[in-house]
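Descriptive analysis of the structure
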Amino acid sequence: MAGFCGRGRRKWRRRRGLLNGKDLNKNPRLEMAAGFCFNPAGRRITTKKHMSKTTVQSASAERARRERPAPAAQRTETSPARRAEVGPAMFGRDILVQALEREGVEVIFAYPGGASMEIHQALTKSKIRTILPRHEQGGSFAAEGYARALGKAGVCMGTSGPGATNLVTAIADAFMDSCPLVAITGQVNQNMIGRGAFQETDIIGVTLPIVKHSYLVTDAADIPRIVKEAFYIAQTGRPGPVVIDVPKNVQQQKAQPVWPTLEETRKGLRGYTQPDLKADEVALNEIVGLIEKSERPVLYCGGGIISSGAADELRKFAEAADIPVATTIMGLGAFPETHPLSLRWLGMHGAAFANWAVNGEYRQRDNPAEPMVKIKDGADLLLAFGVRFDDRVTGKFEEFCKNGTIVHLDIDASELNKNRKAHLPVVGDIKDALARLNAMIAKRPLHKKHGPWLEQIGEWKKKAPFAYSVTPEIAGSDHMRNHLKGQEDQVILPQMVIEMLYELTQGEAYITTGVGQHQMWSGQWYKYKYPRQFITSAGLGAMGFGFPAALGIKTALPDREVIDIDGDGSFLMNVQELATAHVEKIAAKAIILNNQHLGMVVQWEDKFYAGNRGHTYLGDPDHRTEIYPDYVRVCNSFNVPCERVIYRRDLRAALQRMLAAKTAYVLDVVTPYTEHVLPFIPAGRTVADMIWK
């Protein structure tokens, strides 16, 4: 324990839970932070300041000495040998790659550099497929797409410094959307850490608020344990990202690996491994009782349904209890949107009928200072399963489902009562809870039906379906006149493209998006039937997500049709990944809804800033009649086929050619920038402020 003695050492030992040589915390498993614990979903809660790096290295070395199995000659009959497998001595880089193989990793999205090239050398001898992105952000988004499609951890890697920081957006995105991700970063040699070495960045410190857990590896012998823990943490509880930072000298260090079992790993993670998170039986009986008393129940379901694999249980429960289902954007596909009980999705740009079902129908007001005048009642019971009451769903928190009883069931206790107070908060795994609710209902069927309530919802669906129309303002806009040249009747609205795509693919394609208007229209006009069918950056809202994510999904599901519906602004942010698609022969497709503007910001400018453009035009201001950039030439330079569609009469055939292609393919569709996404509830407002037609 170099560097500590006397009072200082005793203070350090108390802080780490060590007393008289005994580790009371039994290895809290964080290489960079002292004093932390995990909440029930497995998200780290940091409670004390960071230790110094000297302390970290000393503590890690001490742990390594404690945890290595004693030589056979030193073992006693009362201390049986560990069951862990011991391998031959090898370099740290090879231990790391073998650890990934043992976790079932088949693909890694990795961009090399000076601090990670040792690992890349080891990967050249591995059965793991290494996909070389053209930017670390593209690779990490692709790893997210891979993870979200399969429900298991995606893996990405970058070098130290800028390579590591280029992963940060995807790490934050994975944290927000509860996506299992293992991000590996190279690091400068240990003796250079903290000295401002070339391409040095404290990536542990940078990512601390946006990870479930993180490791700075200080001993090659720790790698098997760390990798085992990283995948376990990323994929269990509420999924999320884990960072493993590996200094170059550790990659070059030789050690004899000890491969821990999963059971040993679980036992070693004190403060993380909880008893099975099962909802309280009394609470589940209370939920059944509330349903029996309810006249207007609604299920409000989110990404937790998909993460837990509970879609089948949800459908069975909704049908048995005769309850309509509204989802969040993250929950799209958790309940089939073609089902009679589906309310599609709710929130800022969700279905008007879903928002009314939850909140009640109100007379539309022009000023938020006006009183809210209710026309018809909404839900009297809201069953919120696997959701976080995001502000884009609730609007003004205190007005959301104001007159209903709220039951909030989630695996992450920190989400309960965070944004909206629940009358019955329940911690538990969603799949387990739904399975037990179904068993209760099967044993004691619910005889009460909700005919009048479902009839009211049917009326709302007829009154305010998703709709669009070509107005003279749209057809006659300068953007359309420049390109249609007198054939304004041939204008293509974005909704038309997605509606036709849904028809041609029979609703079977996997859809990704960037962020903006096209993202909302993709949620509205493509009806999702399966979990993990719609993959988007929902919580963070990261532009540039769509095409790299599509590459990751297509890699995971090569036999599926995978299509990125994107905006010209979002697509350009990671356009370099066209090279990855071509070189790696990944046949993901992309449709660019090209309006030459940042469409969602333009919509807000029109609504709140009298149409004043604050740097939202993306074309060439000196040549406004041209499409800029020319995506056809850009894509062709990457050897990716691309065609542009301007007239509606050409759209169907172009979509069919795209779908028939056996390679990556891009369709550039010129659309008007004057079209708005409706419905629209302004941020922080209520359903009474909803613009729906």
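Numbering of residues starts from 1 in each chain and follows the order in which that chain's sequence is written. Whole-chain, interface and lining totals are the exception, using all residues; otherwise, since this is a predicted model, local features are given only for residues with pLDDT of at least 70 and side-chain atom pairs are given and counted only at 80 or more. No hydrogens and no water enter the side-chain calculation; it runs on all heavy atoms of the structure.

Some words on the overall build of the chain
Going by this rule: Each helix is a run of H or I in the DSSP string that is no shorter than four residues. Each strand is a run of E no shorter than two, and both are numbered from the N terminus. Exposure classes here rest on a 1.4 Å probe applied to the protein chains alone. A residue is buried below 20% of its type maximum, exposed above 50%, and partly exposed in between. Working rule for contacts: check all heavy atoms of both residues, and any pair within 4.5 Å makes them a contact. Using the Shrake-Rupley algorithm and a 1.4 Å probe, accessible areas are obtained, with residue cover drawn only from the displayed protein chains.
The helix and strand tally for the chain stands at 28 helices and 28 strands. Here the chain holds 693 residues, and 58% of them are scored as buried. The long-range share in the chain, meaning contacts at least 24 apart out of those at least 6 apart in sequence, stands at 74%. Working note: accessible area of the chain is about 28000 Å², and carbon and sulfur atoms make up 51% of it.

As for the sheet that holds strand S20 (residues 381-385)
Inclusion rule: We treat two strands as partners when DSSP finds at least two bridges between them. To define axes, lines are fitted to C-alpha atoms, for helices over the stretch in contact only, and angles between the resulting N-to-C directions are given on a 0 to 180 degree scale.
Reading across from one edge, S17-S16-S15-S20-S21-S22 is the order of the 6 strands in this open sheet, with parallel pairing throughout. Each of the sheet's edge strands pairs with one partner strand only, and the pair in question is strand S17 (342-345) and strand S22 (424-427). Taken pair by pair, the neighbouring strands of this sheet meet at an average axis angle of 15°, ignoring direction. As judged from the 5 bridges shared by S20 and strand S21 (residues 405-410), these two strands associate in the parallel manner. Looking at S21, one finds that Phe385 is bridged to Leu409.

Quick look at the pairing of strand S12 (residues 241-247)
Put simply, the rule reads: A clockwise path from the first strand over the helix to the second, with the strands pointing away from the viewer, defines a right-handed crossover.
For S12, the buried fraction is high: 7 of the 7 residues fall into the buried class. Residues Pro241, Val243, Asp245 and Pro247 point to one face of S12 and Val242, Ile244 and Val246 to the other, with burial holding for every one of them. Examined bridge by bridge, strand S10 (residues 181-187) and S12 share 7 bridges and lie parallel to one another. Its bridge partner lying in S12, Gly186 is registered against Val246. Alignment of strand S11 (residues 213-216) against S12, held across 4 bridges, turns out to be parallel. Looking across to S12, one finds that Leu216 is bridged to Asp245. Between the parallel elements S11 and S12, the chain passes through helix H9 (residues 223-235) in a crossover that is right-handed.

With respect to unusual backbone geometry
That bond from Tyr628 to Pro629 is cis: its omega, -5°, falls within 30 degrees of zero. Inspection of the secondary structure puts Pro629 in the loop between helix H26 (599-608) and helix H27 (631-637). Each neighbour pair has its own omega, and for Leu678 with Pro679 the value is 0°, a cis peptide bond. In this structure, Pro679 sits in the segment after strand S28 (665-670). A positive phi angle is found at Cys401, which is not glycine, with a value near 45°. Tracing the chain through its elements places Cys401 in the loop between helix H16 (391-394) and S21. On the basis of relative accessible area, Cys401 is assigned to the buried category, the value being 1%.

Quick look at the nonpolar core
What counts here: By convention a nonpolar core is built from buried Ala, Val, Leu, Ile, Met, Phe, Trp, Tyr and Cys residues, the set being connected through side-chain atoms within 4.5 Å.
The biggest cluster of nonpolar side chains holds 65 residues, and the ones touching the most others in it are Leu501 and Ile591. Ranked by size, the runner-up nonpolar core spans 57 residues in total, among them Ile131, Ala143, Ala183 and Ala664.

Focus: the pattern of salt bridges
Test applied: The rule for a salt bridge is simple: a side-chain nitrogen of Lys or Arg has to be within 4 Å of a carboxyl oxygen of Asp or Glu.
Per the counting criterion, the structure on display carries 36 salt bridges. Each of Glu144, Arg148, Asp173 and Asp177 takes part in salt bridges that share partners, so that together they form one network.

Side note on helix H12 (residues 281-293)
Rule in force here: Helix span is expected to be 1.5 Å times the residue number reduced by one. Side-chain atoms alone can form a polar contact between residues adjacent in sequence; in general such a contact is a pair of N or O atoms within 3.5 Å, and within protein one must be able to donate a hydrogen while the other accepts it.
For H12, built from 13 residues, the straight-helix expectation of 18 Å at 1.5 Å per residue is met to within 8% by its first-to-last C-alpha distance of 19 Å. Burial in H12 covers these residues: Ala283, Leu284, Ile287, Val288, Gly289, Leu290 and Ile291. Where H12 begins, one side-chain oxygen reaches toward the backbone nitrogen of Val282, 3.0 Å away; that side chain belongs to Asp280.

Some remarks on the confidence of the model for the chain
How we decide: Note: pLDDT gives the predictor's confidence per residue, expressed from 0 to 100.
Averaged over every residue, the pLDDT of the chain is 89; residues scoring 70 or more account for 88%. Under a pLDDT of 50 for its full length, residues 1-37 has, in the predicted model, 83 contacts with residues more than four places off or in other chains. With pLDDT under 50 throughout, residues 46-81 is counted as low confidence; its partners more than four residues away or in other chains account for 53 contacts.

Points about the sheet that holds strand S24 (residues 534-535)
Taken in spatial order, the 6 strands line up as S24-S23-S25-S26-S28-S27 in an open sheet, and their pairing is parallel. Of all strands in the sheet, those with a lone pairing partner are S24 and strand S27 (642-645), marking the two edges. Pairing between strand S23 (residues 510-513) and S24: 2 bridges, direction parallel. Counterpart to Thr512 in the pairing with S24 is Ile535. Sheet strands in contact with helix H22 (residues 517-525) are S23, S24, strand S25 (562-567) and strand S26 (589-594), and its direction is about 135° off that of S25. Against the sheet, helix H23 (residues 546-556) engages S23, S24, S25 and S26, with an angle of about 175° to S25.

Quick notes on the side chain of Thr159
For Thr159, the location among the structural elements is in the loop between strand S9 (154-158) and helix H6 (162-165). With sequence-adjacent residues up to four places away left out, Thr159 is seen in contact with Tyr111, Pro112, Gly113, Gly114, Ala115, Ser116, Ala164 and Gly186.

Examining the packing of helix H5 (residues 136-150) against H23
Put simply, the rule is: Reported orientations rely on four angle classes, namely roughly parallel under 35 degrees, roughly antiparallel over 145, roughly perpendicular from 65 to 115, and oblique for the rest. Take the far helix as your reference; a near helix turned counterclockwise from it by less than a right angle gives a left-handed crossing, and one turned clockwise gives a right-handed crossing.
Axis separation between H5 and H23 bottoms out at 6 Å; the angle between their running directions is 45°. If you check the angle between H5 and H23, you find them oblique. The interaxial crossing formed by H5 with H23 has right-handed handedness. Residue-level inspection shows Gly138, Phe141, Ala142, Gly145, Tyr146, Ala149 and Leu150 of H5 in contact with H23, the latter providing Pro548, Ala549, Gly552, Ile553, Thr555 and Ala556.

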